Each structure stands twice: as structure tokens, then as C-alpha cells.
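Structure assessment
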Amino acid sequence: MTVGHRADADPGGSEAMLQSMEFSREGESILCYGQALRFASGIGFTGERLWQIATSVSELATNAIKYAGGGRITFRSVQDPRPGIEIVVLDRGTGIEHIEQACQDGFTRGRMLSEDEILAGTHGGFGGGLGAVRRLMDSVQMDNREGGGFRVVACKWLPEPGVF
Ligand SMILES: Nc1ncnc2c1ncn2[C@@H]1O[C@H](COP(=O)(O)OP(=O)(O)OP(=O)(O)O)[C@@H](O)[C@H]1O
Ligand SMILES: [Mg+2]
């Protein structure tokens, strides 16, 4: 895994934090999880929002490794439309043909699992990752890039002062 740091001067004059890393190996999703915790806490996230961000990152990185051979994750602090974190995961695969279908809980590897199959837990995945990311983050956009690669842009906003 290679990690890069940069602090860009934003037009408002404050420093925007940026961190980007490539990942491809099984197990590197846990490193992405750790980086997400560090980056998000560094810009002021605490409590349950922290694990919501890190869990989303872990789900997206796991997918990129499992289905696309890896990719790049970029963390950025944003001010617009609200102060928060933006996470971009772009992988090296062929994308997802039916994105809405893939986001349904229980839909995995091209089909919907039956309740029995979910309970048996023998399918290596419950088809819950993408749906969970949508629930855990405040804004999620998914698209297939021209020339290949599935991209997710997910944001979480910092709470208003005094809100936890
Ligand atoms: N980056 C990706 N590239 C290609 N296909 C993907 C990608 N991410 C997800 N998919 C497809 O979408 C399906 C649903 O993904 P999701 O993360 O919701 O569930 P899962 O990975 O099958 O199971 P779980 O995440 O619960 O272990 C996957 O089974 C896979 O077919
Ligand atoms: Mg998954």
C-alpha cells in the first residue's frame, strides 16, 4: 500500500487535508479502515460517526479488492456544502451493470439470496455492503467510469456544534 499526503490551500484560505492510497491485497481493507479512523478523527469526527465512516470505507475497499483487484481511496476534508469528509473509492474493475440492484440487501454476485441462504451464511457475502454504505454515510454517489472502474463518492458531515 502506498500512502500520499497533501495539504491544499483552498480558496477560503484554510488548509484542506487530502490523503490518498492504493490498495490491492486481501487484508488491506483493514488498513483502509484504520486510515479512515485516523483521517476522520484528525478533522474532528468522534463517536459513532467515526465507525460509520470507517465501516463504509472497509466495505468499499473490500469490494474493490474482491471484485476489481484493488483500487485507490482518497480522503479529503471539505467545507462545501458543509464541513465534513469526502471519500472517493475508484477501482480497477469493469464496474457494476445494475447499480440499484447491487445496492439491495441480500443481492450478491448477480442474484438475490433467499432467507435460508442468508441464514446458512455459506455464500461468502450477504449482499449487505453497498446498502450499508448508503445508510451510514450522508451522501453517496456511485457510477461506472468511462474506460473502466467503479467509483463511489461518499460524504459525511460534521455535526453542528453542540450536536453529538
Ligand atoms: N467494486 C465492485 N466492482 C464490481 N462489482 C461489485 C463491486 N462492488 C460490489 N459489486 C457487486 O455488487 C454486489 C453487492 O455488493 P455488496 O457489497 O452489497 O455485497 P457483497 O460484497 O456481495 O456481500 P457483503 O458486502 O455483504 O460481504 C457484489 O456481490 C458484486 O457482485
Ligand atoms: Mg461487499
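For the structure itself, consult the block above.
Residues numbered from 1 in each chain as written. Chains lettered and ligands numbered in written order. Predicted model: local features only at pLDDT ≥ 70, side-chain atom pairs only at ≥ 80, totals over all residues.

1. Section: helix α2 (residues 47-68)
- Along its 22 residues, α2 runs 32 Å from first to last C-alpha, staying within 8% of the 32 Å computed at 1.5 Å per residue.
- Positive phi appears at Gly69, one or two residues downstream of α2, with a value of about 75°. (Helix = DSSP H or I, 4+ residues; strand = E, 2+ residues; numbered from the N terminus. Expected span 1.5 Å × (residues − 1).)

2. Considering the site of ligand 1
- As a matter of local geometry, ligand 1 sits amid 21 residues, with Asn63, Ala102, Thr108, Gly125 and Gly129 nearest to it.
- Breaking the shell around ligand 1 down by element, the ones donating at least two residues are α2, β5 (107-108) and α5 (129-136).
- With five residues, α2 is the largest single contributor of residues to the shell around ligand 1.
- Residues belonging to the shell around ligand 1 are distributed by class as follows: nine nonpolar, nine polar and three charged. (Near = placed C-beta within 6 Å. Nonpolar A, V, L, I, M, F, W, Y, C, P; charged D, E, K, R; others polar.)

3. As for the packing of α2 against α5
- Following both chains from N to C, one finds α2 and α5 inclined at 150°, their axes separated by 9 Å at the closest point. Between α2 and α5, the angle is such that the two are roughly antiparallel. The hand of the α2/α5 crossing is left-handed. Where α2 approaches α5, its residues Gln52, Thr55, Ser56, Glu59, Leu60, Thr62 and Asn63 are matched on the opposing element by Gly129, Ala132, Val133 and Leu136.
- Here the residues of the contact of α2 with α5 are counted per class, giving four nonpolar, six polar and one charged. (Axes fitted to C-alpha atoms, helices over the stretch in contact; angles between N-to-C directions. Parallel < 35°, antiparallel > 145°, perpendicular 65-115°, else oblique. Left-handed = near helix turned anticlockwise from the far one by under 90°. Contact = placed C-beta atoms within 7 Å.)

4. Description of the pairing of strand β7 (residues 139-144)
- In the sheet, β7 pairs with strand β8 (residues 150-157) via six bridges, with the strands oriented antiparallel. Residue pairing across strands places Gln141 opposite Val153, the latter belonging to β8.
- Linking two consecutive strands that pair antiparallel, namely β7 and β8, is a turn of five residues; a positive phi of about 90° is found at Gly147 within it. (Pairing = 2+ DSSP bridges.)

5. A look at α5
- Residues of α5 that are buried include every one of Gly129, Leu130, Val133 and Leu136, and no others. Mapping the buried residues of α5 onto a view down its axis gives an arc of 130°, with all of them on the same face. (Buried ≥ 20, exposed ≤ 12 C-beta atoms within 10 Å, placed from the backbone. Arc of directions from axis to C-beta.)

6. Some details on the nonpolar core
- Of all hydrophobic cores here, the largest spans 30 residues; its most connected members are Ala36, Val57 and Ala61.
- For this core, the secondary-structure elements that each account for two or more residues are α1 (28-42), α2, β3 (71-78), β4 (84-91), α5 and β8.
- Looking at this core element by element, the count peaks at eight residues for α2.
- When sequence neighbours within four positions are dropped, the list of residues in contact with Ala36 reads Ile53, Ala54, Val57 and Phe75. (Core = buried A, V, L, I, M, F, W, Y, C linked by C-beta atoms within 7 Å.)

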